[in-house]
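Secondary and tertiary structure notes
Listed here are the chains, written in short residue letters.
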Amino acid sequence: MGTENRGRPQFPARPAATPFAAAPPPQNMMPFSSSGPLVGSEASGFRPTPPAAPLPTVPSSTPVVGSQASGFRSPPLARFNDPSVPPPPTSNIPPPVGPYQRFSASPFPSTAQAPLSRAPPFGQPVAQPPAPPASLRLQSQIPPVPMGSPPQSINFASPNVNVPYSSSDSTFPAPRPNFQSSFPGYARMQSNADLQAPPIQSPFPPHQGGYAPAPLASSSPFLTHQGGYVPPMPVAAPLGLQSRDQMQHLGSGPPIGSIQGLIEDFSSLSVGSVPGSVDPGIDLKAMPRPLDGDVEPKLFAEMYPMNCDPRYLRLTTSAIPNSASLVSRWHLPLGAVVCPLAEAPDGEEVPVVNFVSTGIIRCRRCRTYVNPFVTFTDAGRKWRCNICSLLNDVPGEYFAHLDATGRRIDLDQRPELTKGSVEFVAPTEYMMRPPMPPVYFFLIDVSISAVRSGMIEVVAQTIRSCLDELPGYPRTQIGFATFDSAIHFYNMKSSLAQPQMMVVSDLDDIFLPLPDDLLVNLSESRSVVETFLDSLPSMFQDNVNVESAFGPALKAAFMVMSQLGGKLLIFQNTLPSLGVGRLKLRGDDLRVYGTDKEQMLRLPEDPFYKQMAAELTKYQIAVNVYAFSDKYTDIASLGTLAKYTGGQVNYYPSFQSAIHGKKLRHELTRDLTRETAWEAVMRIRCGKGVRFTSYHGNFMLRSTDLMALPAVDCDKAYAMQISLEETLLTTQTVYFQVALLYTASCGERRIRVHTAAAPVVADLGEMYRQADTGAVVSLFSRLAIEKTLSHKLEDARNSVQLRIVKALKEYRNLYAVQHRLGGRMIYPESLKFLPLYGLAICRSTPLRGGYADASLDERCSAGYTMMTLPVKKLLKLLYPSLIRLDEHLLKASAQVDDFKNLDKRLPLAAENLDSRGLYLYDDGFRFLIWFGKALSPDVAMNLLGADFAAELSKATLYEHDNEMSRKLIRILEKFRERDPSYYPLCHLVRQGEQPREGFLLLSNLVEDQIGGTNGYVDWILQIHRQVQQNA
Ligand SMILES: [Zn+2]
């Protein structure tokens, strides 16, 4: 679709086909009542119902934690006598006072939150607009303006009767100059980056390229025979390793050590000098590479078949150290990566359990949910909690006899006792208010740059096309606001024939005109919504406004949504220039890099953003930021909104609908239609003596261990670190239990519970043996990205390297002497890819290079994104796949769908690119097709048509009428289907096309040395040297 006005002053009638058209729901129906009253509605809430419980203007410093947590999380085991722990139920009936009701009196005060005292109107609910009389008066004073009117046509300033946000805030500058002309710096920086891409002249001599030759090209003399990736070395037990003797698996856990114990599965790589030479030698081909992508730890799953699937929970090592000294010798992060809503393949969905009559069975002391690891005793009348060992009564309705082996006879009908993942339907005591409906509010930039990019039209069309698929019908609510130098609200009341726009231009004193009709029930107002979306692009097509009142618009959106919560989707194109939260250009000062001020650029400039994020989270609002600017747009600040509300950042630099429209359409569609968990909190419990100490990802911590997640979906993962509370663990097994309490889109309150067990070990070697590279890398990269917010990039990279060195040194000390492996680099087989992933982390967008290697916005947006990625997705981004395509395309058509050969990934080094070939580089976010110089012209012509000789930066890939072209398109589609979370756009580049080739591909070939950065070989040599120092 083009961007031209379709000339539609007439708003189309509601299509008869829409499912919602048939029976217009009754007017004035409150959204909640339509879903059937839910018990507990009087309970002031998990979040207070705003009118009933106005927020304290000064947040109490009392941590909410204790009271609020008493139900959902276990209090630290040391505090079992905590009076906040509810008394044991005397029967199967749940305690009358549910866990969430307890903290109604202190609604999430937190010292970290926004100083509410500054902004009384701000925290107030929609239902209680700052000055009801004012808005009432407005309503009567201002004639509703039909859609299609020029946006500025009914500007009005809000009357000054409202309590001002703060009178001191009202010093707004005169309109700022157009950034486009005044601050071209950022665009310039981009081109610098292009220029700095490594110069490459005829990089690929026939057959063996060597762009940026590694220290040892294949012609190196040192390669001769000496290298070797030494296969796992069987070491006979009689060698009597000390560690072997020590390795006692305490307890009755599965005997993991017993068989593997006979074999030390470390690996090594020869990096010793060749005699007579000072140069180190290393066999490039023998170096380990993760060409199969992420591999989930099988052994662990086999050890504990009742554990939840690793797609939900992975530990950085499944052997939990029994002592603090062991932890300190591990050196790698010790912790977990959790993806609570990971998509399950058909047939493996998480079973839903409804304890209608008994209430949810939980340990009365630590609040652990009943799970496969609890044990039943006393002829079935008692059960022992696997986390705190307390003996609990089995409620009468839950009683079952035990068989001769002590198993309940009803085990087959009890998923909660046999599956590591279950979902409990939560009874009313888990609700502090009726479950909220899914709410989608869209805040759309309509300034001139937004109009010109074509973003508005793509967004409007995409939302419209998703209306039938938004989760939660018929309760779903929807609303819109647009902004440039003013804020435009839209009355979507179902009784209207078309929406009405109201413009508020007083940015100092935001108020809501018609507060009740800005967020409407989608099924009731469907035709008004459709009319609005159809007309939105043309409404602003002639807008020449260059300003952005983003901050005030954000506050307005907050006011609209604060009563219900929901998802706020922000489409932003112009650096916020007016009102609160205005931002300035920064990051174009080269001199700041490398100094102590560098990291400031990656932090939000204005505390407004973090304060808003805290407010939004408190009111169950998750923010997804879509940014499109061709200039600096301060993702560091904007992304804060997503970071603390459980949202995400999607950045489309220099968005043009003709090029990026498809990507935006797909990714927005996924955002709008994927299953979403609303108003959620998550807690992960673990057994006595072990404690979670830090959390990493996009969320806000509401207490020491309760993660507030206004919205969660299958594409979000969270990482956390563990530490030992005691110097010595005496248990044999540690259990972990993730509990996500949320409202499903259907309106049911649910608790998704994942449980896993892991053995406690006394042996460091076992910890390494049971390490999970994917989980380690996930935690590692999150820590490194966080470090860039308080340190220089270089420091963050060094810390990655240092931890790998320390870990390998420790590991070496375990084995090197006994095996006389002096000259070899040794590492655990389980972590053989870790050094390469470490290098990849250092070269990832958030951490790489310096000023010129990635724009500040790109760095920040990649950082926000990587903080949320599930393990598989993250590993693919770090070590993308490189696949040769031409041979496959030339095969007979019968093999078109044979994708097996396409899974053969190549090492990410330029020497693997044959100039006669066609290659696909795929990092999960974008595709790059590389055309070798000597590629058969037939192939190029088939794939590119008339463009085959053109400069490929201007060519686009589309299907031509021949088998080869169809095959290629199908292959790309297939890859996109495999991972639908993002839509990779396809870029084309020809060998030698500079600087694009360097920028798009060569600088991303992780194993090659680029500019001043290490390639894989140098990196390994450097690590090896450091490991050997003082070894
Ligand atoms: Zn317990």
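One structure accompanies this document, and this report is about it. Quick caveat: nothing in here was measured; it's all calculated off a predicted structure.

Below, the discussion takes up the coordination of the zinc ion. At 2.2 to 2.3 Å from the zinc ion lie its protein donor atoms, namely Cys363 (SG), Cys366 (SG), Cys385 (SG) and Cys388 (SG). Bound by 4 donor atoms, the zinc ion shows angles of 101 to 116 degrees at the metal and therefore tetrahedral coordination geometry. The sequence motif formed by the donor residues of the zinc ion is C-x2-C-x18-C-x2-C. You can call cysteine 388 buried: its relative accessible area is 6%.

Attention now moves to the environment of cysteine 308. Along the chain, cysteine 308 falls in the loop between α8 (298–303) and β4 (313–315). Separated by 449 residues in the primary sequence, cysteine 308 and alanine 757 have C-alpha atoms spaced 9.1 Å apart. Residue contacts for cysteine 308: discarding those within four places in its chain leaves Leu313, Gly420, Ser421, His754, Thr755 and Ala756.

Moving on: the pattern of salt bridges. Any two side chains of opposite charge can pair if their charged atoms end up close together. Counting across every chain of the model gives 53 salt bridges. Ionic pairing is found between aspartate 705 and arginine 683, a salt bridge with its closest N-O pair at 3.3 Å. With a gap of 22 residues between them, aspartate 705 in the loop between β22 (700–701) and β23 (707–713) and arginine 683 in strand β20 (residues 676–686) connect regions that are remote in the sequence. Of the two residues, aspartate 705 and arginine 683, neither departs from the other in class, the shared state being buried. Here glutamate 829 ties to lysine 832 by a salt bridge, and the two come within 2.8 Å at their closest N and O atoms. Taken together, the shared-partner salt bridges in this structure form one network comprising Glu343, Lys567, Arg670, Asp671, Arg674, Asp713, Asp715 and Lys716.

This part takes up the packing of aromatic side chains. Ring pairs (aromatic) are described by centroid distance and by the angle formed between their planes. In this structure the tally under the stated criterion is 27 aromatic pairs. Ring geometry for phenylalanine 571 versus tyrosine 626: centroids 4.9 Å apart, planes at 20 degrees, classification stacked. Pair noted here: phenylalanine 571 is in strand β17 (residues 566–572) and tyrosine 626 is in strand β18 (residues 621–627), with a separation of 55 residues, a long-range link. Tyrosine 626 matches phenylalanine 571 in its accessibility class, with the two residues each being buried. Here phenylalanine 628 and phenylalanine 655 contribute two aromatic rings whose centre-to-centre distance is 5.1 Å and whose plane-to-plane angle is 75 degrees, an arrangement assigned as edge-to-face. Remark: phenylalanine 655 occurs in the loop between β19 (648–651) and α17 (657–673) and phenylalanine 628 occurs in the loop between β18 and α16 (635–643); sequence separation between them is 27 residues.

Once that is clear, we can look at the sheet that holds strand β21 (residues 690–696). By way of backbone hydrogen bonds, the strands of a sheet pair with one another, either parallel or antiparallel. Read across the sheet, 4 strands follow the order β4-β6-β24-β21 without closing on themselves; strand pairing throughout is antiparallel. For this open sheet the edge positions go to β4 and β21, each flanked by a neighbour on one side alone. Recorded for the sheet is a direction-independent mean angle of 25 degrees between the axes of neighbouring strands. As judged from the 6 bridges shared by β21 and strand β24 (residues 718–724), these two strands associate in the antiparallel manner. Bridge pairing in β24 places phenylalanine 692 opposite isoleucine 722. In the packing of helix α19 (residues 773–787) onto the sheet, the strands contacted are β4, β6 (335–338), β21 and β24, and the crossing angle to β24 comes to about 95 degrees.

A volume near 1,000 Å³ is recorded for the second largest pocket. Considering the residues around the second largest pocket, the lining is formed by 40 residues, among which Asp294, Lys872, Lys873, Arg978 and Asp979 are closest to the centre. Breaking the lining of the second largest pocket down by element, the ones donating at least two residues are β4, β6, α23 (871–878), β28 (881–884) and α26 (963–978). Element by element, the count of residues in the lining of the second largest pocket is highest for α23, at 5 residues. Across the lining of the second largest pocket, the residue classes break down as 21 nonpolar, 3 polar and 16 charged.

Glancing now at helix α21 (residues 834–842). A large share of α21 lies buried, amounting to 9 of its 9 residues. Leu834, Pro835, Leu836, Tyr837, Gly838, Leu839, Ala840, Ile841 and Cys842 are the residues of α21 that are buried.

Glancing now at the pairing of strand β15 (residues 500–504). Every regular strand shows the same layout, with side chains that alternate between the two sheet faces. In terms of burial, β15 is a largely internal element, 5 of the 5 residues being buried. Of the two faces of β15, both are covered, the one formed by Gln500, Met502 and Val504 as well as the one formed by Met501 and Val503. With 5 bridges joining them, strand β14 (residues 487–491) and β15 adopt antiparallel strand pairing. Directly across from asparagine 491, in β15, lies its bridge partner glutamine 500.

Once that is clear, we can look at the pairing of β19. Residues Gln648 and Asn650 of β19 are buried on one face, and the alternating residues Val649 and Tyr651, pointing to the opposite face, are buried as well. Across 4 bridges, β18 lies against β19 in parallel orientation. Bridging across to β19, alanine 627 finds its partner in tyrosine 651. Handedness of the crossover joining β18 and β19 through α16 is recorded here as right-handed.

An α-helical turn contains 3.6 residues, so any two residues separated by three or four positions project in the same direction. Compared with an ideal rise of 1.5 Å per residue, which puts 16 residues at 22 Å, α26 spans 22 Å between its outermost C-alpha atoms and is within 8% of the ideal. For α26, the complete set of buried residues consists of Met964, Ser965, Lys967, Leu968, Ile969, Ile971, Leu972, Phe975 and Arg976. In this fold, the buried residues of α26 make contact with β28, α24 (886–890), β29 (918–922), β30 (926–931), α25 (937–944) and β31 (985–990).

To continue, consider the packing of helix α14 (residues 550–561) against helix α15 (residues 607–618). For the pair α14 and α15, the least separation of the axes is 11 Å and the interaxial angle reads 10 degrees. When the interaxial angle is binned, α14 and α15 end up roughly parallel. Residue-level contacts link Phe550, Gly551, Leu554, Lys555 and Phe558 of α14 to Phe608, Tyr609, Met612, Glu615 and Leu616 of α15. For the contact of α14 with α15, the per-class residue count stands at 7 nonpolar, 1 polar and 2 charged.

Right, let's talk about the sheet that holds β28 for a bit. The 4 strands are arranged β28-β29-β30-β31 in an open sheet whose pairing can be described as mixed. Two strands lie at the open edges of the sheet, namely β28 and β31, each paired on one side alone. The sheet shows a mean angle of 20 degrees between the axes of neighbouring strands, taken without regard to direction. Pairing analysis gives 6 bridges linking β30 to β31, with the strands arranged parallel. Looking at β31, one finds that phenylalanine 931 is bridged to arginine 990. Contacts from α26 reach β28, β29, β30 and β31, with the element oriented near 150 degrees to β30.

Definitions and limits used
Going along each chain's sequence as written, the residues are numbered from 1 onward. Residue-level local features of this predicted model are given only where pLDDT is at least 70; pairs of side-chain atoms are given and counted only at 80 or more, and the full residue set underlies all totals for whole chains, interfaces and linings. Based on all heavy atoms of the structure, the side-chain values leave hydrogens and waters out of the count. Here a donor is any nitrogen, oxygen or sulfur atom (N, O, S) within 2.8 Å of the metal, with 3.2 Å used for Na, K and Ca; water is not among the atoms considered, so some sites may look incomplete. Only four donors with every angle between 85 and 135 degrees are called tetrahedral; only four or six donors with opposite donors over 155 degrees apart and all others between 65 and 115 are called square planar or octahedral, in that order; all others are irregular. Note on classification: 1.4 Å probe, protein chains only; a residue is buried when its accessible area is under 20% of the maximum for its type, exposed when over 50%, partly exposed between these limits. Helix and strand assignments come from DSSP, with helices taken as H or I runs of at least 4 residues and strands as E runs of at least 2, each series counted from the N terminus. Should any heavy atoms of two residues lie within 4.5 Å, those residues are counted as being in contact. Note on definitions: salt bridges are taken to be side-chain nitrogens of Lys or Arg within 4 Å of carboxyl oxygens of Asp or Glu. To pair, rings of Phe, Tyr and Trp, with the six-membered ring standing in for Trp, must have centres within 6.5 Å; the planes then decide the type, stacked if under 30 degrees apart, edge-to-face if over 60, and tilted in the middle. Only strands that DSSP links by at least two bridges are regarded as paired with each other. As a rule, the C-alpha atoms of each element are fitted with a line to give its axis, helices using only the stretch in contact, and angles between N-to-C directions run from 0 to 180 degrees. Buried and open spaces are told apart on a 1 Å grid over the protein atoms alone, a cavity being a set of points where a 1.4 Å probe fits but cannot get out and a pocket being an open set with protein on both sides within 12 Å along at least five of seven lines. Residues with an atom within 4 Å of a point are the lining residues. Grid points are joined across faces, edges and corners, and a volume is the space filled by probe spheres set on the points. Asp, Glu, Lys and Arg are counted as charged, while Ala, Val, Leu, Ile, Met, Phe, Trp, Tyr, Cys and Pro are counted as nonpolar; the rest, among them Gly, fall into the polar class. For the handedness criterion, the strands are oriented away from the viewer, and a crossover whose path from the first strand over the helix to the second runs clockwise is classed as right-handed. What a helix should span is 1.5 Å times the count of its residues minus one. Each angle is binned into one of four classes, with values under 35 degrees roughly parallel, values over 145 roughly antiparallel, values of 65 to 115 roughly perpendicular, and all other values oblique.

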